[in-house]
Amino acid sequence: EKAGFKHFMAKEIAEQPAVLGDAINHYVKKDGLDLPEGIDFAGLDRLTLVACGTAYYACAVAKYWFENLARLPCEIDVASEFRYREPPMPAKSWAIFVSQSGETADTLAALRYCNEKVEKTLAVVNVPTSSMAREADLALPIHAGVEVGVASTKAFTCQLLSLAVLALKAGVDRGHITETQLAAHLEGLRALPGLMNTALGTADEIAGLAEKLAEAQDILFLGRGPLYPLAMEGALKLKEISYIHAEGYASGELKHGPIALIERTVPVIVFAPHDRLFDKTVSNMQEVMARHGKVLLVSDARGLREASEGTWATLKMPEVAEPFAPILYALPAQLLAYYTAVAKGTDVDQPRNLAKSVTVE
Ligand code: F6R
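Every residue gets a number counted from 1 within its own chain, in the order that chain's sequence is written. Totals for whole chains, interfaces and linings use every residue, but because this is a predicted model, local features are given only for residues with pLDDT of at least 70 and side-chain atom pairs only at 80 or more, for both listing and counting. Hydrogen atoms and water are omitted, and side-chain values are computed over all heavy atoms in the structure.

Two quantities define a packed helix pair, namely the angle between the helix axes and the distance between the axes. Note on definitions: angles span 0 to 180 degrees between N-to-C directions of axes, and those axes are lines fitted to C-alpha atoms, for helices only across the stretch in contact. Strands are runs of DSSP state E lasting at least 2 residues, helices are runs of H or I lasting at least 4, and numbering of each runs from the N terminus. Their axes nearest at 8 Å, the elements helix α3 (residues 53-70) and helix α11 (residues 227-242) cross at an angle of 170°. Comparing their axes, α11 and α3 come out roughly antiparallel. Side by side, α3 and α11 meet where G53, T54, Y57, A60, V61 and Y64 of the first sit next to Y228, P229, M232, E233, L236 and K237 of the second. Residue classes follow a fixed rule: Ala, Val, Leu, Ile, Met, Phe, Trp, Tyr, Cys and Pro count as nonpolar, while Asp, Glu, Lys and Arg count as charged, and any other residue, Gly among them, counts as polar. When the residues that make up the contact of α3 with α11 are grouped by side-chain class, the tally is eight nonpolar, two polar and two charged. Geometric relationships in this document are graded by angle, where less than 35 degrees denotes roughly parallel, more than 145 denotes roughly antiparallel, 65 to 115 denotes roughly perpendicular, and other angles denote oblique. Whether two residues are in contact is decided by their heavy atoms, any of which lying within 4.5 Å being enough.

Here is the structure:
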């Protein structure tokens, strides 16, 4: 069942190019987007995205997409806070619930709350027969296939893909994306499986770095823009399977506290494609290096050319369409967590204290 891999997690990481390609084929056709009837974001005042854990970080990335690509005000929340806060919901709003299992108790409760309050609820789930899929007004399957590893990998990238497709639809509906721009974005999505294959080629290099990372007590992850939620996801993945304490921060927050943690023994992993915020992230990275932090810079050829000096290590990713960088950079984040856990000898597929589906709160 593991198809020659040592763990389900390794198999599920490796199959992402194929799985994402399949998910893209479900939603992107030759002549444009192909989504279920009834999805039109035109008249909305606000969109709310609710989830837990890794699915929440997918929502946090998607917030950048809905705001930038569709100029749609977008709130995100963790379900356990949302459900008890009982926030007021504008009438002209939709709410999207993202969940691999479709059964997470807090997310389901948040969905039930919104069913009474908003115009439309949408479940973005991997299990099409799940409670959330049944109870939401509309269900959108992410087509990741069965995910066995407790640490979510391919479901995360497929959640991102589904949310990217929805954000593009919103951009078109709201008149912020022209036909030409849509075609370019769809090209960007279609390129992802190939780019993911290239990213998987860094696995051996990452396994080498992981030997060192496994000795750390604390690891920081930094990113800006849509790579900020990916920094949090990278930290979550690492702590849940390697049991090393990790935190993800927005690069710009570093000097507001976490920089006090920096010393020789603290690795700092920086996700920084050469995008319009690159120089800002590099200056944060230099602040880390000035305090002898061990920087691992994950960037593209151009970024590495400009900013490798003084780093502890680098990982080269291929160039990617700017908005969709988190979908590609998820792979080195997952591989770093995986190989660090393997180096520590933990139970990768069944980490202590965790369950695949959290159906009690
Ligand atoms: C982390 C992980 C969890 C889940 C969370 C939500 O790797 O898997 O954080 O993402 O428990 O689960 P679902 O998506 O089933 O609602």
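Before going further, it helps to spend a moment on the nonpolar core. Counting residues in each nonpolar core, the largest one holds 99 residues, and the members touching the most others are W65, F66 and L166. What L166 contacts, discounting residues up to four positions off in sequence, is L35, I39, F41, F66, I96, L122, V124 and L140. As used here, the term nonpolar core means buried Ala, Val, Leu, Ile, Met, Phe, Trp, Tyr and Cys residues forming a set that is joined through side-chain atoms within 4.5 Å. Buried means the residue's accessible area, taken with a 1.4 Å probe over protein chains only, is under 20% of the maximum for its type, while exposed means over 50%, and partly exposed covers the values in between. Counting 18 residues, the second-largest nonpolar core is a separate cluster that includes I262, V266, V268 and A307.

Note on pairing: two strands pair once DSSP finds at least 2 bridges between them. Strand order in the open sheet made by the five strands is β9-β8-β10-β11-β12, with parallel pairing throughout. Each edge of the open sheet carries a strand with a single partner, namely β9 (245-250) and β12 (313-316). With strand direction ignored, the average angle separating the axes of adjacent strands in the sheet is 15°. Two elements, strand β11 (residues 294-299) and β12, share four bridges in a ladder whose sense is parallel. Looking at β12, one finds that S299 is bridged to K316. Strand contacts of helix α10 (residues 203-213): β8 (218-223), β10 (267-271), β11 and β12, with the helix running at about 150° to β12, the strand carrying the most contacts. This element, α11, spans β8, β9 and β10 of the sheet and lies at about 175° to β9.

This paragraph deals with the site of the ligand. Think of it this way: one heavy atom of a residue within 4 Å of a molecule or strand is enough to make that residue near it. In the vicinity of the ligand, 13 residues are found, and the nearest of them are S99, Q100, S101, T104 and E240. The side chain of S99 places a nitrogen or oxygen atom 2.6 Å from an oxygen atom of the ligand. Polar contact is the term for a pair of N or O atoms within 3.5 Å; when the atoms are in protein, one must be able to donate a hydrogen and the other to accept it, and sequence-neighboring residues count only if both atoms are side-chain atoms. S152 is positioned such that a nitrogen or oxygen atom in its backbone is 2.9 Å from an oxygen atom of the ligand. In this description, accessible areas are obtained by the Shrake-Rupley approach with a 1.4 Å probe, and a residue is regarded as covered only by the protein chains that are shown. Taken by itself the ligand offers 410 Å² of open surface, and the protein chains cover 89% of this.

Let us look at the sheet that holds strand β3 (residues 46-51). The strand order across the open sheet formed by five strands is β4-β3-β5-β6-β7, and the pairing between neighbours is parallel. Lying at the two open borders of the sheet, with one neighbouring strand each, are β4 (74-78) and β7 (138-141). The average angle at which neighbouring strand axes cross in this sheet is 20°, direction not considered. Relative to β4, β3 is paired through five bridges, and the arrangement is parallel. By the bridge assignment for β4, L47 is matched with C74. This element, helix α5 (residues 105-115), spans β3, β5 (93-99) and β6 (120-125) of the sheet and lies at about 165° to β5.

On to the packing of aromatic side chains. Two rings from Phe, Tyr or Trp (for Trp, the six-membered ring) form a pair when their centres are within 6.5 Å of each other. A pair whose planes differ by under 30 degrees is stacked, one over 60 is edge-to-face, and the rest are tilted. Within this structure, the stated rule accounts for seven aromatic pairs. With a centroid separation of 5.9 Å and an interplanar angle of 50°, the aromatic rings of F41 and F66 are classed as tilted. In this pair, F41 sits in the loop between β2 (32-33) and β3 while F66 sits in helix α3, placing the two residues 25 residues apart along the sequence. Looking at F41, the relative accessible area reads 0%, which means it is buried. An aromatic cluster of at least three residues, connected via ring pairs, comprises F41, F66 and W94.

So, about the environment of V150. Mapped onto the elements of the fold, V150 is located in the loop between β7 and α7 (154-173). As a C-alpha pair, V150 and Q350 span 200 residues in sequence and 6.0 Å in three-dimensional space. In this view, V150 contacts D349, Q350, P351, L354, A355 and K356; residues no more than four positions away in its chain are not counted.

Before going further, it helps to spend a moment on α7. Given a helix with a known number of residues, its expected span is that number minus one, times 1.5 Å. Taking 1.5 Å of rise per residue, 20 residues should cover 28 Å, and α7 covers 29 Å from first to last C-alpha, within 8% of that figure. Taking burial as the measure, the 20 residues of α7 include 18 buried ones, the bulk of the element. A positive backbone phi angle near 75° is found at G175, which sits one or two residues after α7.

In terms of burial, β8 is a largely internal element, five of the six residues being buried. As paired elements, β8 and β9 share six bridges and run parallel to each other. Note that in β9 the partner of D218 across the bridge is H245. Here a crossover is taken to be right-handed if, once the strands point away from the viewer, the path from the first strand over the helix to the second is traced clockwise. Read from β8 through α11 to β9, the crossover connection turns out right-handed. One ladder, built from three bridges, connects β8 with β10; its direction is parallel. Across the sheet, residue L222 finds its bridge partner in β10, namely V270.

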